[in-house]
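# Secondary and tertiary structure notes
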Amino acid sequence: MIVLTNKRKVNLVSATAVIGLQWGDEAKGKIVDLLTEDHEIVVRYQGGANAGHTVVRQGQTFKLSLIPSGIFQPNVTCVIASGVVVNLKTLLDEIALLRSRGVSISNNLLLSDRAHVIFPWHLEEDRILNECPSGEAIGTTLRGIGPCYRDKVGRSHAIRVGDLFESGFKERIEAIVQAKARFLVPLGVSPDSPSLDAAAIFREYSGYAEAIRPFVCDTTEFLLTAAERERRILLEGAQGALLDVDHGTFPYVTSSNSSGAGISAGSGIPAKYIKKVLGVVKAYTTRVGGGPFPTEQDNPIGQTIRDRGNEYGTVTRRPRRCGWFDAVAVRYTARLSGVDAIAVMLLDVLSTLPELKICVAYELDGERITHFPSHVEQLRRVKPVYETLPGWSEEIQHVRRLQDLPKAARAYLDRLAELLRCPIEMVSVGPDREQTIIC
Ligand code: GDP
Ligand code: IMO
Ligand code: MG
């Protein structure tokens, strides 16, 4: 049971998942950090260092890309599970940075021996494919995520964390480098490039292997036992459900199942143990990278949202595209992820806008639809049908109780809950953990 300063409570059960319902950056990090107090285990189970989760604690801001946002809570075990693709250098840098800021990391961090490892050739592939897209660029984070997942599914060129400790690792790198050179050299990568230097890569990764050795274990077994013993597990989704490789705005998606569909596959925890899914949304919509965005406001309204919400990517610092809340899209992703309750974040950003729009339907080729189209070309053609609600002029970052919000803000939240057919359980009015209203 989480209790904030305003003494309101959120019911928690094990296991609980926190899932972004838009195109990522919904402030999942803040919610996970808040809920962590009442959990024993926090798990990242998909994605990799494409994620950037912000946690603000006691005035200090932390940006996490691979380490679960539960790391600040003593006695919580943080797990990087098998579905994550891991850049070992990024992981070690993140551990070092957190330690330098006083965060203790030892046996409270576990890394799956089944997690796949990102290698320098994955970064080259990500860069090259972004530079010569077949259409509009996906605009990836260039962290090698797609190429690593591609090799995982392709199997023959994949290396998992556990492989680093087995004999034959050196030969495996040599064989993969040879195969990768056949693909990368014709695309302009020099055969002398460090990304194709098998001996140097072997040395570098052998060093990483020693450094990560204390954290590596069979996390699937650990989590299965924990779930069976009803330990309180919190699953931290990365990205957002609209970026899900199967159910999102393909091909402008990431390479993992970032909706609720990915929880069991990525963590190894059977679906029957997932007792609650909390969907996280911004009070508006943002997107980084390419792809259709029906409610985008590429105009002064979008700029106001960007300025007030400091909407610049946590990972790449790219300006985020901003727009109105899309209830068609979120109703779809809430259903897809089996969401039980919603956390509405960054409500404070909407203060001062004279009126607010919510997309309640789309018009597709002259017909009004309320479902989310499966094909990206249809999504490009839809025109949002908006409902307009009055805005509020007051700043609300200090508000801690629902009844103290301006009437228009409460009406806005009520309408969102109605359109999403889901209760709103938390409202966030600022980045700090205290700036939270439990409904
Ligand atoms: P995540 O990837 O879903 O964890 O989200 P990010 O960390 O990438 O982006 C969310 C940003 O919003 C971070 O900079 C947070 O500190 C900030 N933030 C979180 N909640 C609020 C809020 O209620 N209001 C404001 N203004 N900022 C918030
Ligand atoms: P968090 O966890 C927002 C986007 C990229 C790009 C697409 C594919 O912080 O919410 P990738 O590098 O994954 O192949 O890029 O997905 N993307 C994100 N957008 N938040 C994220 O993570 C994202 N992770 C990937 O911008 O459009
Ligand atoms: Mg983020």
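Residues numbered from 1 in each chain as written. Chains lettered and ligands numbered in written order. Predicted model: local features only at pLDDT ≥ 70, side-chain atom pairs only at ≥ 80, totals over all residues. Heavy atoms only, no water.

The next subject is the overall build of the protein chain. Regarding its fold elements, the protein chain presents twelve helices and 22 strands. Its C-alpha atoms give the protein chain a radius of gyration of 22 Å, near enough to 22 Å, the size a compact globule of 439 residues would have. Across its three principal axes, the protein chain shows a C-alpha extent of roughly 65 × 50 × 40 Å. Expressed as a percentage of the 439 residues in the protein chain, the buried residues total 57%. Across the protein chain, the fraction of contacts at a sequence separation of at least 24, relative to all contacts at a separation of at least 6, is 75%. For the protein chain, the accessible area works out to roughly 17,700 Å², and carbon and sulfur atoms hold 50% of it. Across the protein chain, 52 positive and 51 negative side-chain charges occur, with their mean positions spaced 3 Å apart. (Helix = DSSP H or I, 4+ residues; strand = E, 2+ residues; numbered from the N terminus. Rg over C-alpha atoms; globule rule 2.2 N^0.38 Å. Buried < 20%, exposed > 50% of the residue type's maximum accessible area, 1.4 Å probe, protein only. Contact = heavy atoms within 4.5 Å. Areas by Shrake-Rupley, 256 points an atom, 1.4 Å probe, with all protein chains shown as cover. Lys, Arg positive; Asp, Glu negative; His and termini not counted. Charge placed at Lys NZ, Arg CZ, Asp CG, Glu CD.)

Attention now moves to the coordination of the magnesium ion (ligand 3). Surrounding the magnesium ion (ligand 3) are the protein donor atoms D25 (OD) and G52 (O), which sit 2.0 to 2.2 Å from the metal. Of this pair, D25 sits in the loop between β3 (16–20) and α1 (28–36) while G52 sits in the loop between β4 (41–44) and β5 (53–57), and the two are 27 residues apart along the sequence. Note on D25: relative accessible area 22%, which makes it partly exposed. (Donors = N, O, S within 2.8 Å, 3.2 Å for Na, K, Ca; no water.)

This next bit is on the sheet that holds strand β7 (residues 77–80). As a general point, the strands of a sheet are linked pairwise by backbone hydrogen bonds and lie either parallel or antiparallel. One open sheet holds the ten strands; their spatial order is β11-β9-β7-β4-β12-β3-β13-β17-β21-β22, and the pairing between them is mixed. Looking at strand neighbours, the two that pair on one side only are β11 (216–217) and β22 (436–438), the edges of this open sheet. Note that β4 and strand β12 (residues 233–236) share four bridges and pair parallel. Note that in β12 the partner of V42 across the bridge is L234. On the sheet, α1 packs against β3, β4, β12, β13 (276–282), β17 (341–345), β21 (424–428) and β22 and is oriented at approximately 165° with respect to β3. Packing against the sheet, helix α7 (residues 219–228) makes contact with β4, β7, β9 (109–112), β11 and β12, and its axis sits at approximately 130° to β7. (Pairing = 2+ DSSP bridges. Axes fitted to C-alpha atoms, helices over the stretch in contact; angles between N-to-C directions.)

Using the criterion set out here, one finds nine aromatic pairs in the structure. Residues F119 and W121 carry aromatic rings whose centres are separated by 4.7 Å and whose planes lie at 5° to one another, so their mutual orientation is stacked. Grouping aromatic residues by their ring pairs yields a cluster made of F119, W121, Y205 and Y208. Just above the ring of F62 sits the side chain of R101; from NZ or CZ to the centre is 4.0 Å. Over the face of the ring belonging to F202 we find K170, whose NZ or CZ atom lies 6.0 Å from the ring centre. (Phe/Tyr/Trp six-rings, centres within 6.5 Å; stacked < 30°, edge-to-face > 60°. Lys NZ or Arg CZ within 6 Å of the ring centre and 35° of its normal.)

Moving on to the site of ligand 1. Around ligand 1 lies a shell of 19 residues, among which K28, T54, T314, D348 and S428 are the nearest. Interatomic distance of 3.1 Å between a backbone N/O atom of E26 and an oxygen atom of ligand 1. In the environment of ligand 1, an oxygen atom lies 2.9 Å from a nitrogen or oxygen atom belonging to the backbone of G29. Bound to the protein, ligand 1 loses 91% of the 590 Å² it would expose on its own. Counting only elements with at least two residues in the shell around ligand 1, the list comes to α1 and β5. Tallying contributions element by element places α1 first for the shell around ligand 1, with three residues. (Near = heavy atom within 4 Å. Polar contact = N/O pair within 3.5 Å; in protein donor to acceptor, adjacent residues only side chain to side chain.)

A word on the pairing of β9. Residues L109 and L111 of β9 are buried on one face, and the alternating residues L110 and S112, pointing to the opposite face, are buried as well. Both β7 and β9 contribute to a ladder of three bridges, which runs parallel. In the strand pairing of β9, C78 is matched with L109. Note that β9 and β11 share two bridges and pair parallel. What sits directly across from S112, in β11, is C217.

Another aspect to go through is the packing of helix α3 (residues 120–131) against helix α5 (residues 169–184). Two elements in contact, α3 and α5, have axes whose closest approach is 11 Å; the angle formed by their N-to-C orientations is 15°. By the angle between their axes, α3 is roughly parallel relative to α5. Considering only the axes of α3 and α5, their crossing is left-handed. In this structure, α3 uses W121, E124, E125 and I128 to contact α5, whose residues at the interface are I176, V177, K180, F183 and L184. A per-class count over the contact of α3 with α5 returns six nonpolar, no polar and three charged. (Parallel < 35°, antiparallel > 145°, perpendicular 65-115°, else oblique. Left-handed = near helix turned anticlockwise from the far one by under 90°. Nonpolar A, V, L, I, M, F, W, Y, C, P; charged D, E, K, R; others polar.)

Inspection of the region around ligand 2 gives 20 residues, with D25, K28, H53, T141 and T254 positioned closest. A distance of 2.9 Å is found between an oxygen atom of ligand 2 and a side-chain nitrogen or oxygen belonging to N50. The separation between an oxygen atom of ligand 2 and a polar side-chain atom of T141 is 2.5 Å. Contact with the protein chains hides 98% of the accessible area of ligand 2, taken as 550 Å² for the molecule alone. Considering only residue class, the shell around ligand 2 consists of seven nonpolar, ten polar and three charged.

What follows is about unusual backbone geometry. Looking along the chain, the bond that leaves F250 and enters P251 is cis, with omega of 5°. Looking at where P251 falls in the secondary structure, it is placed in the loop between β12 and α8 (263–267). In this structure, A27 is a non-glycine residue whose phi angle is positive, near 85°. Locating A27 in the fold gives a position in the loop between β3 and α1. For A27, a relative accessible area of 25% translates into the label partly exposed. In this model, R155 sits at a positive phi of 70°, which is unusual for a non-glycine residue.

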